[in-house]
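Observations on chain architecture
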Amino acid sequence: MMAEPAEIQSVLGLDVSCNTVTLFDSDTGRCLTIANEADALRAALQPYQGTATLAVCEATGGHEDRLLGVLLELAIPAHRADPAKVKAYIKSFGKRGKNDSIDSRWLSRYGRDRAAMLLRWQPANPTQQKLELLVARRLDLVAMRVQEQNRLKAPRSSLIADNIRAHLCELERHIEALNAEIDTLIGESRDLALRAKSLRSVPGIGPVLVPLLLAVMPELGTLNRRQVASLAGVAPHPKDSGKASWHRSTTGGRRQIRPALFIAALAACRGNSPIATAYKTLLKAAKPKRVALTAIMRKIITIANARVRDALREQNEIMTVPA
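A brief structural summary.

Cut-offs and rules
- Residues numbered from 1 in each chain as written.
- Predicted model: local features only at pLDDT ≥ 70, side-chain atom pairs only at ≥ 80, totals over all residues.
- Heavy atoms only, no water.
- Pairing = 2+ DSSP bridges.
- Helix = DSSP H or I, 4+ residues; strand = E, 2+ residues; numbered from the N terminus.
- Axes fitted to C-alpha atoms, helices over the stretch in contact; angles between N-to-C directions.
- Contact = heavy atoms within 4.5 Å.
- Salt bridge = Lys/Arg side-chain N within 4 Å of Asp/Glu carboxyl O.
- Buried < 20%, exposed > 50% of the residue type's maximum accessible area, 1.4 Å probe, protein only.

1. Thoughts on the sheet that holds strand 5 (residues 78-81)
Sheet architecture is open: five strands sit in the order 3-2-1-4-5, paired in mixed fashion. Sheet topology places strand 3 (31-35) and strand 5 at the edges, where each strand pairs with a single neighbour. Across the sheet, the mean angle from the axis of one strand to that of its neighbour is 25 degrees, orientation sign disregarded. As paired strands, strand 4 (residues 53-58) and strand 5 are joined by four bridges and run parallel to one another. Bridging across to strand 5, Val56 finds its partner in His79. In the packing of helix 1 (residues 38-45) onto the sheet, the strands contacted are strand 1 (10-16), strand 2 (20-25) and strand 3, and the crossing angle to strand 3 comes to about 150 degrees. On the sheet, helix 4 (residues 100-114) packs against strand 1, strand 2, strand 3, strand 4 and strand 5 and is oriented at approximately 140 degrees with respect to strand 1.

So, in structure tokens, the structure goes:
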């Protein structure tokens, strides 16, 4: 674990772009632009090593990785903020101005106001990180395949149709290669293999959803049923005001999970499992199919969480038994 000062005295707002990082120091009011290179970042951040400083940056799709690596090396606590939360925070002040300097100041203020509740960033396990990258790339290729399949329905030219078919064959080849790489990675990791085995035992969860859950929801097995449902985007949120009460809706969560859970629910409802029985019971109770399927999605992810939790607990008990 990264050692943290007992009390934060200054917050660094770090606005990251592809080539530069704009730093704002809340303690001195200094603002400077640094090249997004390890040596330049190390030189600029070295004076903050060992001080009561918190660094705050946004998730930028990978451009922040080098910065976070340097902060970890210097043992400076860091928080990688959700851009949507930072944007909502800024919007609450009615401000609209935006440039690198302004953004770094807002990040610093965001960190100063919420320092006590912000989770400190920790690097992912290398195997977990590789799995996340492979699964994310597979999702991209699958999305491209769907686009090309749709274009092939009305190519308007035989030349274009041939080109699309060739591209589809290439995409299939890359997807199969990624599937093999993902399977190998999971098989070589004792922890991932154990989690995968637990997930496969859940009705509806197949070979595509297993690596997706392992990559996108590594917290499985450590959450309670309400937390896991919310993270998967299948938790019903109240929408009441005064005497008015509307239907509860399921919003939020990690966007990649919900569509895959929907397919899993459709598959589980066709079998003879307890989940299929629960679905039929909901329909007999006059629940709309959409509501019933959402309930089944919630049941699937809750069962998956419980089975991973039990498997991890059993493994820990075996490992702690004296020889």
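2. Focus: the pattern of salt bridges
According to the stated counting rule, one finds twelve salt bridges in the structure shown. Across the salt bridge formed by Glu170 and Arg173, the nearest N and O atoms sit 2.5 Å from each other. Taken together, the residues Glu170 and Arg173, both in helix 6 (residues 158-188) and three residues apart, mark about one turn of the helix. In this structure, Asp191 and Arg195 form a salt bridge, with 2.9 Å as the shortest nitrogen-oxygen distance. You can see Asp191 and its partner Arg195 sitting in helix 7 (residues 190-200), four residues apart, about one turn around the helix. For Arg195, a relative accessible area of 15% gives the class buried.

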